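Architecture and fold: a report
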Amino acid sequence: MSETKFKKLIAEKKLICPQCKQPIKTFDKFIEMTSSIWDGAGDSNHQVSGSKVTLICANSPCTWTERTEYWENYIQN
Ligand SMILES: [Zn+2]
C-alpha cells in the first residue's frame, strides 16, 4: 500500500470512523514499513511490508484519531 493509494481510499470515503460512523476525512504521517527476512536456507529473501498511519476523523465535533498499522479494519465495503 502506497501513500497515493491510501489517499485514494480516504478520498473515496472508504474508511469509516468507529466513533461517529462518518467517513474519515484525513490522515497524517503515513509510513511504509518494509523488512527483509533472511531465512538462512539459500537465496530466498522474504519481504514483509505494511504501513502505519495516523487516522484523523475530522468530522466536527468528533475528535477521534488513531495511530495504527491495522487501518484495514476501518475499511467499509
Ligand atoms: Zn468520527
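Keep in mind the model is a prediction, meaning the values are calculated, not measured. (Residues numbered from 1 in each chain as written. Predicted model: local features only at pLDDT ≥ 70, side-chain atom pairs only at ≥ 80, totals over all residues.)

1. Focus on the overall build of the protein
- Along its length, the protein carries one helix and three strands.
- Start at the N end of the protein and walk to the C end: the helices and strands fall as α-β-β-β.
- Put simply, the protein has 77 residues, and 9% of those count as buried.
- Of the contacts made within the protein by residues no fewer than 6 positions apart, 51% connect residues no fewer than 24 positions apart. (Helix = DSSP H or I, 4+ residues; strand = E, 2+ residues; numbered from the N terminus. Buried ≥ 20, exposed ≤ 12 C-beta atoms within 10 Å, placed from the backbone. Contact = placed C-beta atoms within 7 Å.)

2. Some remarks on the confidence of the model for the protein
- Taken over all residues, the pLDDT of the protein has a mean of 89, while the share at 70 or more is 83%.
- Confidence, expressed as mean pLDDT per element, reaches its minimum in the protein at strand β2 (residues 45-56) with 82 and its maximum at strand β3 (residues 65-68) with 97. (pLDDT = per-residue confidence, 0-100.)

3. A few points about the environment of Ile75
- Summarising the element assignment, Ile75 is placed in the segment after β3.
- Separated by 61 residues in sequence, Ile75 and Lys14 have C-alpha atoms that sit 5.4 Å apart.
- Once residues within four sequence positions are removed from consideration, Ile75 is found in contact with Lys14 and Leu15.

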